[in-house]
Structures are given as structure tokens and as C-alpha cells.
Amino acid sequence: MIEKTTWFQLQPLYKHLRQQAENKKSYKYIEIGATFFLIALFLFTAIAPTAKAISNLVGEIKSKQILEKKLKAKINSIILAQNNYSSMQEESIYKVLEASFPSRPRYYQSALVFSSNAKDSNTSIDQLTFDVIKKDPQPQVNQKKTFSVSTSNKGEYLSFLSLIDKITNSRRLVDIETIQLSQADEKEASSSGTGSVNLNLSTNLFYLPTFSNEQK
């Protein structure tokens, strides 16, 4: 005899099956959530540092490019400054050589050597004469070009020592040939009021010789 089951008898079974289905669905949600969580954790722990390292590397490259441009600009400025300094040095060296051993006699410059040094030494120049040496009709290659300058000064003895020191240490090459000191007359000393000693200097000044094309 077949027993008939009622809804009330099957209701616990339905509840059990529905609970199992809901549990499976919950497991699925948990599995999916755990998967996303693991993916996010992987992205955070593995990809994020790599992306950060790449970002830092790109930033360093850009900063190095900017630094390279600045260094190039500084190097160009230094090269330009060195070129300007070299040209100035060459020009200043030329000026020093020209002032010391000029390519021409430069009589006016040589007169300033004596007049300015006399003024700085508190002495007075009564007379300044030039004796130009005549040109040799057959000059030698190493022949020095000179002319003589003679001065007659009045002043004190110590002032003359200062004058001679200034002349010998001046930039223009001056060869003092003779120095003559003499006592001034009392009338002359009292009338001039500049001192009681006379100084006569005989000097030679040099300048560069010029050569013809044949001598070169």
C-alpha cells in the first residue's frame, strides 16, 4: 500500500534543499569576493610598487634632462667666459709688452715716465732732452733700438732716491746710464724753494727694432 505524503511532510525537505542552495550561493559570493580581494592584494603588493618605481624613474629621467640642459648652458657660459678671458689676457699681455718694450719710440710716453715720477717724488724737472740715435745704414738683425733721455731735476736728496727707484721700477724699460748729484747754489735754492740738490740723469730707452722683408 502506497503511503501518501502531504505538503507538511515535505516542507522540512524543501527548507533543507533551499538552505543548501542559499549556502552554495553564499559560498559562491564568498569565493568571488575572496578572488577580488586576492586580485586587489596582488595589485597593491606587486603592481603598485612597480608602477611607483616606473613613475619615480620617469621623474628622475625628466629631472636629469632638465639638469643636463642647465649643465650645458653653464658649460657654454664657462667656455664663452674662458674665451673672453683668454682674449682679454692676450690683449692685456700685449698692452704690458707694448708699454714695456714698445714697437715705436713713443717719445710722449717716455716723457711721462719722468714727469709723473718726478711729481710723485716731490721733485721738479728743469730740463728734459731727447737724443735720437741716427739710423744705421746697415742695421744688424739683433741691433737694439734706443734713444737717450737726459733730465735735470731739483729737489731733496731723499726725494731723488725715491725718483730713481720709481724710474727703475717703471713699466717702460729704462737703463740709467749716469747719475750726477751736485749742490745747488744758495741763491738758486732759496729762489726756487724746491731743495738744495741738483740731479742730472742720463738714460737709455729701448723699443723694438723693425725688420725689412729681406731680413725676415
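Everything here concerns the structure above.
Heads up: these notes are all about the structure in this document.

Thresholds, definitions, all that
- Residues numbered from 1 in each chain as written.
- Predicted model: local features only at pLDDT ≥ 70, side-chain atom pairs only at ≥ 80, totals over all residues.
- Heavy atoms only, no water.
- Phe/Tyr/Trp six-rings, centres within 6.5 Å; stacked < 30°, edge-to-face > 60°.
- Helix = DSSP H or I, 4+ residues; strand = E, 2+ residues; numbered from the N terminus.
- Buried < 20%, exposed > 50% of the residue type's maximum accessible area, 1.4 Å probe, protein only.
- Expected span 1.5 Å × (residues − 1).
- Arc of directions from axis to C-beta.
- Contact = heavy atoms within 4.5 Å.
- Pairing = 2+ DSSP bridges.
- Axes fitted to C-alpha atoms, helices over the stretch in contact; angles between N-to-C directions.
- Polar contact = N/O pair within 3.5 Å; in protein donor to acceptor, adjacent residues only side chain to side chain.
- Salt bridge = Lys/Arg side-chain N within 4 Å of Asp/Glu carboxyl O.
- Core = buried A, V, L, I, M, F, W, Y, C linked by side-chain atoms within 4.5 Å.

1. Looking at the packing of aromatic side chains
Phase 1 of the analysis: By the definition in use, this model includes 4 aromatic pairs.
Phase 2 of the analysis: Both rings, one in Tyr107 and one in Phe147, keep their centres 4.8 Å apart while their planes meet at 65°; by these two values the pair is edge-to-face. Of this pair, Tyr107 sits in helix α2 (residues 107–120) while Phe147 is found in strand β2 (residues 145–155), placing the two residues 40 residues apart along the sequence.
Phase 3 of the analysis: Ring geometry for Phe130 and Phe147: centres 6.1 Å apart, planes at 40°, overall tilted. Of this pair, Phe130 sits in strand β1 (residues 124–132) while Phe147 sits in strand β2, placing them 17 residues apart in sequence.
Phase 4 of the analysis: Overall, the relative accessible area of 34% leaves Phe130 in the partly exposed class.
Phase 5 of the analysis: Classification of Phe147 as buried rests on a relative accessible area of 1%.

2. Description of α2
Quick reminder: α-helices carry 3.6 residues per turn. Residues three or four places apart thus point the same way.
Phase 1 of the analysis: Under the 1.5 Å per step criterion, the end-to-end length of α2 is 20 Å for 14 residues, consistent within 8% with the ideal 20 Å.
Phase 2 of the analysis: Every buried residue of α2 is listed here: Ser110, Ala111, Val113, Phe114, Asn117 and Ala118. Seen end-on, α2 carries its buried residues on one side only, within an arc spanning 145°. Counted as exposed and oriented over 90 degrees from the buried face of α2: Tyr108, Lys119 and Asp120.
Phase 3 of the analysis: Check the buried side of α2 and you find it contacts β1, β2, α3 (157–168), β3 (174–183) and β4 (197–207).
Phase 4 of the analysis: Just downstream of α2 lies Asn122, where phi reads positive at about 60°.

3. Here's the deal with the sheet that holds β4
Two strands in a sheet stick together by hydrogen bonds in their backbones, pointing the same way (parallel) or opposite ways (antiparallel).
Phase 1 of the analysis: If you walk across this open sheet you meet the 4 strands as β1-β2-β4-β3, and the pairing is antiparallel. What marks the edges here is a single partner per strand, and that holds for β1 and β3. This sheet shows a mean twist of 15° between the axes of neighbouring strands, independent of strand direction.
Phase 2 of the analysis: Of the pairings in the sheet, the one linking β2 to β4 comprises 11 bridges and is antiparallel in character.

4. So, the side chain of Thr151
Phase 1 of the analysis: Mapped onto the secondary structure, Thr151 falls in strand β2.
Phase 2 of the analysis: Judged by relative accessible area, Thr151 falls into the buried class, the value being 5%.
Phase 3 of the analysis: In this structure the side chain of Thr151 is engaged in a polar contact, spanning 3.1 Å, whose partner is the side chain of Asn153.
Phase 4 of the analysis: Setting aside residues no more than four positions away along its own chain, Thr151 makes contact with Phe114, Gln127, Leu128, Leu199, Asn200 and Leu201.

5. Section: the pattern of salt bridges
Phase 1 of the analysis: Under the defined criterion, the tally for this structure stands at 3 salt bridges.
Phase 2 of the analysis: The salt bridge partner of Glu98 is Arg106, with a shortest N-O separation of 2.9 Å.
Phase 3 of the analysis: Of the charged contacts in the structure, one is a salt bridge between Asp126 and Lys154, with a shortest N-O distance of 3.4 Å. With Asp126 in strand β1 and Lys154 in strand β2, this residue pair connects regions lying 28 residues apart in the sequence.
Phase 4 of the analysis: With relative accessibility at 13%, the residue Lys154 sits in the buried group.

6. Describing the nonpolar core
Phase 1 of the analysis: Counting 16 residues, the largest nonpolar core has Phe114, Leu163, Ile167, Val174 and Leu205 as its most contacted members.
Phase 2 of the analysis: Elements represented by at least two residues in this core include exactly α2, β2, α3, β3 and β4.
Phase 3 of the analysis: In terms of residues, this core owes the most to one element, β4, which gives 5 residues.
Phase 4 of the analysis: Residue contacts for Val174: discarding those within four places in its chain leaves Val113, Phe114, Ile167, Thr203, Asn204 and Leu205.

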